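# Structural overview for review
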There are 2 protein chains.
Amino acid sequence: MRSAAVVGTGLIGTSIALALRGRGITPYLLDVNPEAARTAAELGAGVVGAPRSPVDLAVIAVPPSRVASILREQQLANLAHDFTDVASVKAGPQEEAAALGCDLTRYVGGHPMAGREQSGPLAAQGDLFHGRPWVLTPSSRAGGRAVGRVRTLAELCGARPVLMAPGQHDRAVALVSHTPHLVASLLAARLLHGEESQLQLAGQGLRDVTRIAAGEAELWTDILGANATAVAEVLTEFAEELGTVVDALRGLAADPPGRRPAADRDRLTAVLSRGVQGRGRIPVRTPASDEQLRLSGAPAGA
Amino acid sequence: MRSAAVVGTGLIGTSIALALRGRGITPYLLDVNPEAARTAAELGAGVVGAPRSPVDLAVIAVPPSRVASILREQQLANLAHDFTDVASVKAGPQEEAAALGCDLTRYVGGHPMAGREQSGPLAAQGDLFHGRPWVLTPSSRAGGRAVGRVRTLAELCGARPVLMAPGQHDRAVALVSHTPHLVASLLAARLLHGEESQLQLAGQGLRDVTRIAAGEAELWTDILGANATAVAEVLTEFAEELGTVVDALRGLAADPPGRRPAADRDRLTAVLSRGVQGRGRIPVRTPASDEQLRLSGAPAGA
């Protein structure tokens, strides 16, 4: 891969462009908002505007609901030989691309598992993807050249390419990213009803639990809407267990300390213990991702 | 205050003892588990065993359900002139103490707002309370000497004393600490059902959301049980909004992208936006803001 274009110079698109610049490739930068593309270019992420002849790979870095239409548009405009995207949801956009008549031999869906609460080109970091998984979801029609180029893109960005089926990817991110985001948002929303004196008692625990809830509401509506089925499934299981916990708490609240029902205590302990175990299943971060944390000064979300 | 004892040399008790040692006071260390007291002493937290004559202040550092009985026991044993505790729940233990016939003129409830996921004396840190709020919940019967000594204890530990009524404290921590803990546990528990390949996609976001879920299940059962009413209330509101979100997701899942109901999108965006706003209400913790609070002479929450 010798040439590239980035369509959509937000946080992710600009971070990819910066990473490519660091590897000797100068991407062409396009955005519906010309100001965003100019800002990215001023940050050293590439040059504004479309190339005269097709580049090797174009990265469509837009919200999930816009991927298919922009892929179609840029394939018709002959922006690149091959195409990928970076959306957090893969099955729906790929189906839409097929329905719109996109050339799927020259398209491979992708999702770099990195992000920040901040958005826009000014939040971009060339090392955002260091040591992170970068999921590739090639359809059965994807050509070998396209798959190879998207894999190379991930590697040039310092990420670790991981092959998955689109539906498999979507169920995975529902569990490890989208549901956690919604739960953090619901929790943070409770704080709107708190008094100032209550919030003064907040500590690092609350800050950490709600950190990802600071993400852009419009973008996350798009992501969650595009993965609604898988997220609703995880969230429904979550809600069922939550109901059990509320029942147990009501049972404990109704009785004085000495007579609190052992069954309610046990139900609480069981959930808390499973939480300890589930937490233990999260892979320990790699030295590469630690390095990224150190450099960015702000933890990356997935 | 010239002398002190700590009953219960776990994470918090030992951290307090270490802080007092740093200020020239050598606490007497007691624990039902002699091994824990010896470990704390070996860490330099004080000397094992009861004093020959009463110390100025004894700190009861045990789970909420044990506070009243141990306060009663140590008042009868004449361990100290004045007493405090450090439990995360205040109203219940104080009522129990009254019911057991404890001398409430010589007792002031306290709660240093600091902790770690690890427990036990080996996790203790003398600077654990630096810059943190330390809530004092004196009853109407509390003597001025006792209040003054507990306030001094908080200051010796580098914390910021904040006066609150017990019920006010319990509702505040239900919102900013206990409910977040339970929600993090419920979320982490979902990961038990995930496949290895799904968990490999986890990033810093998931690590942060679930960090506090690693806390000891038995201790947290005790805390949540002791504050069941207030936690159930916040959690019920959380569950209602969660239900709205699941409905919205199901609405979005049922329709193709172009025809997704705007009302469902809007409901999602509303929750996410309120999450962003709620998150924004958490005070930023900086040495400067701590200093400002101190100088203003208006302890938040008082």
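This text follows the structure it describes.
What counts and how
Every chain is numbered on its own, with residues counted from 1 as its sequence reads. Chains carry letters and ligands carry numbers; both start at the beginning, A for chains and 1 for ligands, and go up in the order they are written. Owing to the predicted nature of the model, reporting of local features is limited to residues with pLDDT of at least 70; listing and counting of side-chain atom pairs is limited to 80 or more, with chain, interface and lining totals taken over all residues. Hydrogens are left out, water is left out, and the side-chain values use all remaining heavy atoms of the structure. Segments assigned H or I by DSSP are reported as helices when at least four residues long, segments assigned E as strands when at least two residues long, and all are numbered from the N terminus. Think of it in three bands: with a 1.4 Å probe and only protein chains considered, a residue is buried below 20% of the maximum accessible area for its type, exposed above 50%, and partly exposed in between. We call two residues contacting when some pair of their heavy atoms lies within 4.5 Å. Only when DSSP finds a minimum of two bridges between them are two strands counted as paired. Here the term right-handed applies to a crossover when the path leading from its first strand over the helix to its second strand runs clockwise, the strands being oriented away from the viewer. Using a 1.4 Å probe, buried area is obtained as the accessible area two parts lose upon being combined, added over both of them. Any carboxyl oxygen of Asp or Glu that lies within 4 Å of a side-chain nitrogen of Lys or Arg is treated as forming a salt bridge with it. Polar contacts, as counted here, are pairs of nitrogen or oxygen atoms within 3.5 Å of one another; within protein the pair requires one atom able to donate a hydrogen and one able to accept it, and residues that are adjacent in sequence qualify only if both atoms are side-chain atoms. For helices, the axis comes from a line fit to the C-alpha atoms of the stretch in contact; other axes are also lines fit to C-alpha atoms, and the angle between any two N-to-C directions lies between 0 and 180 degrees. Here the copies are superposed with least squares, the fitted atoms being C-alpha atoms of residues at a pLDDT of at least 70 in both. Should an angle fall under 35 degrees it is called roughly parallel, over 145 degrees roughly antiparallel, and 65 to 115 degrees roughly perpendicular, with every other angle called oblique. With the far helix as reference, a near helix turned anticlockwise by less than a right angle produces a left-handed crossing, and one turned clockwise produces a right-handed crossing. Gly counts as polar in this scheme, as do all residues outside two lists: the nonpolar Ala, Val, Leu, Ile, Met, Phe, Trp, Tyr, Cys and Pro, and the charged Asp, Glu, Lys and Arg. To pair, rings of Phe, Tyr and Trp, with the six-membered ring standing in for Trp, must have centres within 6.5 Å; the planes then decide the type, stacked if under 30 degrees apart, edge-to-face if over 60, and tilted in the middle. Buried Ala, Val, Leu, Ile, Met, Phe, Trp, Tyr and Cys residues form a nonpolar core when they are joined through side-chain atoms within 4.5 Å.

### As for the overall build of chain A
Each helix and strand in chain A was counted, giving 12 helices and 8 strands. In terms of principal-axis extent, the alpha carbons of chain A reach across some 80 × 40 × 35 Å. In chain A, which comprises 302 residues, the share counted as buried stands at 59%. Here the analysis covers contacts within chain A between residues at least 6 apart in sequence; of these, 71% occur between residues at least 24 apart.

### Describing the pairing of strand β8 (residues 160-163) of chain A
All names here are of chain A. Bridge analysis of strand β7 (residues 133-137) against β8 gives 4 bridges, and the strand direction is parallel. Bridge pairing links Pro133 to Arg160 in β8. The handedness of the β7 to β8 crossover, carried by helix α5 (residues 144-156), is right-handed.

### With respect to the interface of chain A and chain B
Counting residues at the interface gives 99 residues for chain A, matched by 97 residues for chain B. With both sides pooled, the region where chain A packs onto chain B buries about 9,000 Å², and carbon together with sulfur makes up 67% of that total. Put simply, chain A and chain B have 10 salt bridges between them. A salt bridge links Arg190(B) to Glu237(A); the nearest nitrogen and oxygen atoms lie 3.2 Å apart. Summed over the shared surface of chain A and chain B, the result is 26 residue pairs in polar contact (both at pLDDT 80 or more).

### A word on the pairing of strand β5 (residues 80-85) of chain B
Residue and element names in this part refer to chain B. Within β5, 5 of the 6 residues are buried, which leaves it mostly tucked inside the rest of the structure. Here strand β4 (residues 55-60) pairs with β5 via 5 bridges, running parallel. Across the sheet, Ile60 pairs through a bridge with Asp85, a residue of β5. Of the pairings in the sheet, the one linking β5 to strand β6 (residues 107-112) comprises 2 bridges and is parallel in character. Its bridge partner lying in β6, Thr84 is registered against Val108. This β-α-β element, β5 to helix α4 (residues 91-99) to β6, shows right-handed connectivity.

### Side note on the sheet that holds strand β1 (residues 4-7) of chain B
Residue and element names in this part refer to chain B. One open sheet accounts for 8 strands, arranged β3-β2-β1-β4-β5-β6-β7-β8; its pairing is mixed. Edge strands, defined here as strands with exactly one partner in the open sheet, are β3 (47-48) and β8 (160-163). Strand direction decides the pairing type here: β1 and strand β2 (residues 28-30), joined by 3 bridges, are parallel. What sits directly across from Val6, in β2, is Leu29. Where helix α5 (residues 144-156) meets the sheet, it contacts β4, β5, β6, β7 (133-137) and β8, and its direction lies at approximately 60° from that of β5.

### Structural notes on the relation of the copies chain A and chain B
Overlaying chain A on chain B yields an RMSD of 0.0 Å, the required transformation being a rotation through 180° with an accompanying axial translation of 0.0 Å. Such a combination of rotation and displacement between the chain copies is what one expects of a two-fold axis. For chain A, the smallest separation between a C-alpha atom and the rotation axis is recorded for Val209(A), amounting to 2.0 Å. In this assembly the copies share their binding face: 98% of the residues contributing to the interface of chain A also contribute to that of chain B.

### Here we look at the packing of helix α11 (residues 262-280) of chain A against helix α6 (residues 166-190) of chain B
How two helices sit against one another is set out by the angle between their axes and by the gap between those axes. One way to put it is that α11(A) packs onto α6(B) with a least axis distance of 7 Å and a crossing angle of 60°. Classified by the angle their axes make, α11(A) and α6(B) are oblique. When you trace α11(A) past α6(B), the crossing you get is left-handed. Packed against α11(A), whose contacting residues are Leu268(A), Val271(A), Leu272(A), Arg274(A), Gly275(A), Gly278(A) and Arg279(A), the element α6(B) presents His181(B), Leu182(B), Ser185(B), Leu186(B), Ala188(B) and Ala189(B) at the interface. Its residues placed into classes, the contact of α11(A) with α6(B) shows 7 nonpolar, 4 polar and 2 charged.

### Concerning the packing of aromatic side chains
On inspection of all chains with the given rule, the structure shows 3 aromatic pairs over all chains. For the pair Phe238(A) and Phe238(B), a centre-to-centre distance of 6.3 Å together with 50° between the ring planes defines the contact as tilted. You can see Phe238(A) sitting in helix α10 (residues 228-254) and its partner Phe238(B) sitting in helix α10 (residues 228-254), one on each of two chains. We classify Phe238(B) as buried; its relative accessible area is 0%. A ring pair is formed by Phe129(B) and Trp134(B), whose centres lie 5.3 Å apart and whose planes are at 55°; its orientation type is tilted. Exposure class is identical for Phe129(B) and Trp134(B). Each is buried.

### Section: the pattern of salt bridges
Within this structure, the stated rule accounts for 28 salt bridges over all chains. Between Asp208(A) and Arg211(B) there is a salt bridge; the shortest N-O distance is 2.7 Å. Of the two residues, Asp208(A) is situated in helix α8 (residues 204-210) and Arg211(B) in the loop between α8 (204-210) and α9 (217-226); the pairing between them involves two chains. For Asp208(A), a relative accessible area of 12% translates into the label buried. Residue Arg265(B) pairs with Glu218(A) through a salt bridge whose shortest N-O separation is 3.8 Å. With one member in each of two chains, Arg265(B) in helix α11 (residues 262-280) and Glu218(A) in helix α9 (residues 217-226) form a pair that bridges those chains. Overall, Glu218(A) belongs to the partly exposed group, its relative accessible area being 47%. A network of salt bridges, in which partner residues are shared, links Asp56(A), Asp82(A), Arg145(A) and Arg149(A).

### Brief notes about the nonpolar core
Soluble globular proteins tend to bury their nonpolar side chains together. Core analysis: the biggest nonpolar cluster contains 91 residues, and Leu249(A) and Leu249(B) have the highest contact counts within it. Judged by nonpolar contacts, the second largest core, of 34 residues, contains Leu11(A), Ala17(A), Phe129(A) and Leu136(A).

### Quick look at the environment of Leu206(A)
Structurally, the position occupied by Leu206(A) is in helix α8. Under the relative-accessibility criterion, Leu206(A) is labelled buried at 3%. Remark: the alpha-carbon pair of Leu206(A) and Ala184(A), spanning 22 residues in sequence, is separated by 9.8 Å. Ignoring any residue separated from it by four or fewer positions in sequence, one finds Leu206(A) in contact with Leu191(A), Val176(B), Pro180(B), Arg279(B) and Ile282(B).

### Details of unusual backbone geometry
All names here are of chain A. Look at Asn78: it is not a glycine, yet its phi comes out positive at around 60°. Inspection of the secondary structure assignment puts Asn78 in the loop between α3 (64-76) and β5 (80-85). Accessibility expressed as a relative area gives 42% for Asn78, which makes it partly exposed.

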